Amino acid sequence: AGQLRLVNSTYFITEDVPQNSVIFIVQRVGGTAGSVSVKYSTRSQAIPGVSVAAEEGHDYQDVNGTLVWEDADASDKEVVVPVINDESYTKGRLFKSFKLEIFNASGGA
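All values derive from a computational prediction rather than experimental measurement.

**Quick word on the overall build of the chain**
- Counting its secondary structure elements, the chain contains 0 helices and 8 strands.
- Listing each helix as α and each strand as β along the chain from the N terminus yields β-β-β-β-β-β-β-β.
- For the chain, with 109 residues in total, the buried portion stands at 32%.
- Taking contacts inside the chain between residues at least 6 apart in sequence as the whole, the part at least 24 apart equals 77%.
- A total accessible area of about 6000 Å² is found for the chain, and carbon and sulfur atoms account for 48% of it.

Printed below as a string of structure tokens:
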């Protein structure tokens, strides 16, 4: 069945750079036998000295759902998270950050 992994689990945003969305990539590695699925959800995350927590609904749109790989499917799956640009970023401030979490894998992943 393989394993599921995030290519990049955390994104840093600034609101002085136009961004419409960020894309998280989830990969199935180490095997493709059988179908597997995994749930995902966004979450604010602060990293001391690097970033402050982005605010859901203010800095990014919360997304959650389920990704599914059928038998023999090794394709990367994308999770698109809309970024809200309210232009309130102040130069010299820390980045804002949020992450995607994957959990409750089923089917042997």
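**As for unusual backbone geometry**
- For A72, which is not glycine, the phi dihedral falls at a positive 75°.
- With respect to the helices, strands and loops of the structure, A72 is situated in the loop between β6 (64-69) and β7 (77-82).
- Classification of A72 as exposed rests on a relative accessible area of 56%.
- With a phi angle near 55°, N104 is a residue other than glycine that sits in the positive phi range.
- The topology assignment puts N104 in strand β8 (residues 95-106).
- Judged by its relative accessible area of 54%, N104 falls in the exposed class.

**As for the pairing of β7**
- Taking every second residue as pointing to the same face, the buried face of β7 carries K77, V79 and V81, while none of E78, V80 and P82 on the other face is buried.
- Relative to β7, strand β3 (residues 21-29) is paired through 6 bridges, and the arrangement is antiparallel. When the sheet's bridge partners are listed, V26 is paired in β7 with K77.

**Some remarks on the pattern of salt bridges**
- Following the criterion strictly, the structure yields 4 salt bridges and no others.
- E101 is paired through a salt bridge with K99; the nearest N and O atoms lie 3.6 Å apart.
- Accessibility expressed as a relative area gives 17% for K99, which makes it buried.
- One continuous salt-bridge network, built from bridges that share partners, spans R43, K99 and E101.

What counts, and at which threshold
Residues numbered from 1 in each chain as written. Predicted model: local features only at pLDDT ≥ 70, side-chain atom pairs only at ≥ 80, totals over all residues. Heavy atoms only, no water. Helix = DSSP H or I, 4+ residues; strand = E, 2+ residues; numbered from the N terminus. Buried < 20%, exposed > 50% of the residue type's maximum accessible area, 1.4 Å probe, protein only. Contact = heavy atoms within 4.5 Å. Areas by Shrake-Rupley, 256 points an atom, 1.4 Å probe, with all protein chains shown as cover. Pairing = 2+ DSSP bridges. Salt bridge = Lys/Arg side-chain N within 4 Å of Asp/Glu carboxyl O.

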